[in-house]
Amino acid sequence: MRGGRRPVRTGRALRGVQQVSATRAFARLAPSVLPALDRGVHRLTGGKVMLSALLLPSVVLTSTGARSGRPRRTPLACMPEDGGRSWVLVGSNFGRTGHPAWTYNLLAHPDAVISRRGEDVPVTARLLEGEERAAAWKAVLDFWPPYATYQARVAREIRLFRLHRR
C-alpha cells in the first residue's frame, strides 16, 4: 500500500480471495511464502509497500524474541482503529494448531515497533480478554470473515492484541 491509498477490497475479487484464504491448502502454503515476500518487498521499498496490503492493512511488527531477546520482524495483517492510533493484530497463524511465535514475543515483551507506510511507530501491545476481546473479535470478523474459518479449525482461542502508540 502506498501513501494514503486504501487496500483493494471490492466485490467478487475480494470474496474470491477470502474463499481461497480460508482453505487448508492456503494455511499450509501461505506461512512459507507470504511473510518472505512481504519482508522482501517491504525492505526493497524502504518500508513503503507490502504485497499483502493490497488486500488488508498490514504492518511489519518488530518484537523482542521471548527466549532469544533478539529483534524479530513479522509481516502481519492488522485492523486499524481510532484513526490509526491503535491496531488489532490477530494471532490466527493461518488456522494452524499453535499460537504464532510473535504472540509469545508480545506476551513476554509488550513494547514493540510497527512499520507502516514507511514510518516506524513505537507501540505497546496488550492481549485482549473477556468482553473486550469479544467485541474486538466481532469487529475482526466483520473486517475479514475468513478468521472465523481459522478459529473453527483449532481448539485454541485465537489471540488478539491491541497495539497503542507509545
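Basis of the calculations
- Residues numbered from 1 in each chain as written.
- Predicted model: local features only at pLDDT ≥ 70, side-chain atom pairs only at ≥ 80, totals over all residues.
- Heavy atoms only, no water.
- Helix = DSSP H or I, 4+ residues; strand = E, 2+ residues; numbered from the N terminus.
- Buried < 20%, exposed > 50% of the residue type's maximum accessible area, 1.4 Å probe, protein only.
- Arc of directions from axis to C-beta.
- pLDDT = per-residue confidence, 0-100.
- Contact = heavy atoms within 4.5 Å.
- Polar contact = N/O pair within 3.5 Å; in protein donor to acceptor, adjacent residues only side chain to side chain.
- Pairing = 2+ DSSP bridges.
- Axes fitted to C-alpha atoms, helices over the stretch in contact; angles between N-to-C directions.
- Parallel < 35°, antiparallel > 145°, perpendicular 65-115°, else oblique.
- Expected span 1.5 Å × (residues − 1).
- Salt bridge = Lys/Arg side-chain N within 4 Å of Asp/Glu carboxyl O.

A.B. asks: Help me understand unusual backbone geometry, please; the structure alone is not making it clear to me.
C.D. replies: It is generally the case that most residues other than glycine have a negative phi and that most peptide bonds are trans. With phi around 50°, Asp82 is a residue other than glycine that occupies positive phi space. Structurally, Asp82 can be placed in the loop between β3 (79-81) and β4 (86-91). Backbone geometry at Asn93 places phi at a positive 55°, although glycine is not the residue there. You can see Asn93 is positioned in the loop between β4 and α3 (101-108).

A.B. asks: I keep staring at helix α5 (residues 146-153) and nothing clicks. Help me out?
C.D. replies: A turn of α-helix holds 3.6 residues, and therefore any two residues three or four places apart point the same way. Those residues of α5 not exposed but buried are Pro146, Tyr147, Tyr150 and Arg153. Down the axis of α5, the buried set is contained in an arc of 120°. They therefore lie on one face.

A.B. asks: What's the story with the confidence of the model for the chain in this structure? I'm lost.
C.D. replies: Detailed reading of the predicted model is not advised wherever pLDDT is low. When pLDDT is averaged across the chain, the result is 84; 74% of the residues are at 70 or more. Ranking the elements of the chain by mean pLDDT puts helix α1 (residues 11-21) last, at 67, and α3 first, at 98. Confidence drops under a pLDDT of 50 for residues 1-8, and excluding neighbours within four residues, the segment shows 18 contacts in the predicted structure.

A.B. asks: Just to check I follow, could you spell out the environment of Arg165 for this structure?
C.D. replies: Here Arg165 lies in strand β7 (residues 159-165). Look at Arg165 and you get partly exposed, because its relative accessible area is 37%. C-alpha separation for the pair Arg165 and Val123, spaced 42 residues apart in sequence, amounts to 4.4 Å. For Arg165, the residues in contact, after removing those within four places along its chain, are Gly84, Arg85, Trp87, Arg116, Glu119, Val121, Pro122 and Val123. In this structure the side chain of Arg165 is engaged in a polar contact, spanning 3.4 Å, whose partner is the backbone oxygen of Gly84.

A.B. asks: Sorry if this is basic, but what is going on with the sheet that holds strand β6 (residues 119-127) here?
C.D. replies: Hydrogen bonds along the backbone pair up the strands of a sheet, which may run parallel or antiparallel. Spatial ordering of the open sheet is given by β2-β1-β5-β6-β7-β4-β3, a layout of 7 strands whose pairing is antiparallel. Single-partner strands in this sheet number two, and they are β2 (71-77) and β3. On average, adjacent strands in this sheet sit at an angle of 35° to one another, irrespective of strand direction. Pairing geometry for strand β5 (residues 111-116) and β6, over 6 bridges, is antiparallel.

A.B. asks: Explain the packing of helix α4 (residues 130-143) against α5 to me, please; I cannot follow it from the model alone.
C.D. replies: A pair of packed helices is captured by two measures, namely the crossing angle of their axes and the spacing between those axes. Interhelical geometry of α4 versus α5 gives an angle of 125° and a closest axis separation of 8 Å. One way to sum up the angle between α4 and α5 is to call them oblique. Along the contact surface, α4 presents Arg133, Trp137, Val140 and Leu141, while α5 presents Tyr147, Ala148 and Gln151.

A.B. asks: Just to check I follow, could you spell out α4 for this structure?
C.D. replies: End to end, α4 covers 20 Å across 14 residues, agreeing with the expected 20 Å (1.5 Å per residue, within 8%). Looking at the packing, one finds that the buried side of α4 touches β3, β4, α5 and β7.

A.B. asks: Explain the pattern of salt bridges here, please?
C.D. replies: Where side chains of opposite charge bring their charged atoms close, a pairing between them can arise. This structure, assessed with the given rule, holds 8 salt bridges. When the shortest N-O distance is used, the salt bridge between Lys138 and Asp142 registers 3.6 Å. Pair noted here: Lys138 and Asp142 are both in helix α4, with a separation of 4 residues, about one helical turn. Classification of Lys138 as exposed rests on a relative accessible area of 55%. A residue is classified by how much of its surface remains accessible, and Asp142, at 58% relative accessible area, is exposed. Here the residues in one salt-bridge network are Glu81, Arg126, Glu132 and Arg162, joined through shared partners.

A.B. asks: Looking at this model, I keep getting lost on the pairing of β4. Mind explaining?
C.D. replies: Each regular strand displays side chains that alternate between the two surfaces of the sheet. Extensive coverage of β4 is indicated by the burial of 6 of its 6 residues. Alternating residues of β4 divide into Ser86, Val88 and Val90 and Trp87, Leu89 and Gly91, and every residue in both groups is buried. As paired elements, β3 and β4 share 3 bridges and run antiparallel to each other. Note that in β4 the partner of Pro80 across the bridge is Trp87. Taken together, β3 and the strand that follows it, β4, pair antiparallel across an intervening segment of 4 residues, in which Asp82 is found at a positive phi of about 50°. The pairing of β4 with β7 spans 6 bridges and is antiparallel. Counterpart to Trp87 in the pairing with β7 is Leu163.

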